[in-house]
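What follows is each chain in one-letter form.
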Amino acid sequence: MSEDILNRVTKVTVEELGVKAEEVTVAASFTEDLGADSLDVVELVMAFEDEFGIEIPDEDVSEIKTIGDVVNYIQKKSGE
Amino acid sequence: MSFQDQVVIVTGASRGIGRAIAAAFAAKGAKVACVATTLANATATAETIGGSARAYACDVSDSASVEVLFEAILADLGTPSVLVNNAGITRDGLIIRMKEEDWDRVLAVNLKGAYNCTRAAAKPMMKARYGRIINITSIIGQTGAAGQANYAASKAGLIGLTKSIAKELGSRNVTCNAVAPGFITTDMTAELSDDFRAHVEKSAPAGRLGTPEDIAGAVVFLAEASSSYITGQTLTVDGGLSL
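Caption draft 1: Focus on the packing of helix α3 (residues 63-76) of chain B against helix α4 (residues 100-128) of chain B. Residues and elements named next belong to chain B. Direction vectors running N to C along α3 and α4 enclose 35°, while the axes themselves pass 9 Å from each other. Like other packed secondary-structure pairs, α3 and α4 cross with a definite hand, here right-handed. Across from S63, V66, E67, F70 and L74 in α3, the residues of α4 making contact are N116, C117, R119, A120, A121 and P124. Residues of the contact of α3 with α4, tallied by class, amount to 7 nonpolar, 2 polar and 2 charged.

Caption draft 2: Structural view of the packing of aromatic side chains. All names here are of chain B. A complete count under the given rule lists 3 aromatic pairs over all chains for this structure. Considering the side-chain rings of F3 and F25, the 5.0 Å spacing of their centres and the 90° angle between planes classify their relative orientation as edge-to-face. Of this pair, F3 sits in the segment before β1 (7-11) while F25 sits in helix α1 (residues 16-27), and the two are 22 residues apart along the sequence. Side by side, F3 and F25 carry an identical accessibility label, which is buried. An angle of 75° between the planes, with centres 4.8 Å apart, marks the rings of F183 and F196 as edge-to-face. Of this pair, F183 sits in the loop between β6 (174-181) and α7 (194-203) while F196 sits in helix α7, and the two are 13 residues apart along the sequence. A residue is classified by how much of its surface remains accessible, and F183, at 18% relative accessible area, is buried. Owing to a relative accessible area of 28%, F196 belongs among the partly exposed residues under this scheme.

Caption draft 3: Here's a closer look at the interface of chain B and chain A. Listed by partner, the interface residues are 8 residues for chain B and 7 residues for chain A. In this structure, the salt-bridge partner of R172(B) is E43(A), at a minimum N-O distance of 3.8 Å. Those elements that place two or more of their residues in the side of chain B that touches chain A are α4 and α6 (149-169) of chain B. Top contributing element to the side of chain B that touches chain A by residue count: α4(B), with 3 residues. Partitioning the side of chain B that touches chain A into residue classes produces 2 nonpolar, 1 polar and 5 charged.

Caption draft 4: Region of the structure containing the sheet that holds strand β4 (residues 80-85) of chain B. All names here are of chain B. Across the sheet, 7 strands lie side by side as β3-β2-β1-β4-β5-β6-β7; this open sheet has parallel pairing. The open sheet has two edge strands with one neighbour each: β3 (54-57) and β7 (234-237). On average, each strand axis in the sheet is inclined to that of its neighbour by 20°, with strand direction left out of account. Inspection of the sheet shows β1 paired to β4 by 4 bridges, in the parallel sense. Paired with V8 across the strands is V82, a residue of β4. Helix-sheet contacts for α3 involve β1, β2 (31-36), β3 and β4, and the interaxial angle to β3 is about 165°.

Parameters and conventions
Residues numbered from 1 in each chain as written. Chains lettered and ligands numbered in written order. Predicted model: local features only at pLDDT ≥ 70, side-chain atom pairs only at ≥ 80, totals over all residues. Heavy atoms only, no water. Axes fitted to C-alpha atoms, helices over the stretch in contact; angles between N-to-C directions. Helix = DSSP H or I, 4+ residues; strand = E, 2+ residues; numbered from the N terminus. Left-handed = near helix turned anticlockwise from the far one by under 90°. Contact = heavy atoms within 4.5 Å. Nonpolar A, V, L, I, M, F, W, Y, C, P; charged D, E, K, R; others polar. Phe/Tyr/Trp six-rings, centres within 6.5 Å; stacked < 30°, edge-to-face > 60°. Buried < 20%, exposed > 50% of the residue type's maximum accessible area, 1.4 Å probe, protein only. Salt bridge = Lys/Arg side-chain N within 4 Å of Asp/Glu carboxyl O. Pairing = 2+ DSSP bridges.

Now the structure itself:
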């Protein structure tokens, strides 16, 4: 897992959700552990899109539940 | 000066109700973005109302233009606190004679225009945890009108849009309400017959047609910070005509 991507995902998550960096673990679920509601998830996805210059289609969003999921997804996307 | 330095966007600001709304916010200290289809018309309003009003040209039915518009407003004035979706047109005709292009154009400006602008404004408002979105509908959206199927449908659509946005954004302290004017003295109602005018004056408890300022007053009220517990509502401002 890329440290660089993880750090940037953590930074964006802390900014968007107003959570502490130590709460943002690889296994942390956005909705269950980090208190995100459906609007937060949409805002996060848009923030990740901006940060990494990618597009995350709606059908992929449902697959992304944890910080680790995002890092793997972005890694895969940018490797393409 | 309850709106001191707040950024207020008013579409359809060149004439009638939109111009009165823009003027009302400017008088209360807001930085008003006056949006109209031509820059000359938008500038005329911005110069009349003074203060720090800025003029912008945009066809609100075109989503790409609206994106450019909001980028410019954000850069020039900052995060919007208030969006007033006022831009509206009529292309009247009985349904059996109504051309598809007249249906499409009215829905595009009146309803899709509000969708375009709301979508663009919602993101910065959500981030700021503050916003007031106000859609100018019409009593015609509630009652219907012969010869105005397109207009009535667009205005009824705005009421559904208002309620949905209120539900989506309520948790972010962004409210969305509608104002439904009755018969107001504007260019749009200038073609009404004298008979109809007399009928309104007789039927409305207020005994007169409304003025654009009557509508602006209601819009300002809904945009106040203190109106934060009012959302998803349609405020009818018709002198009691619909009673």
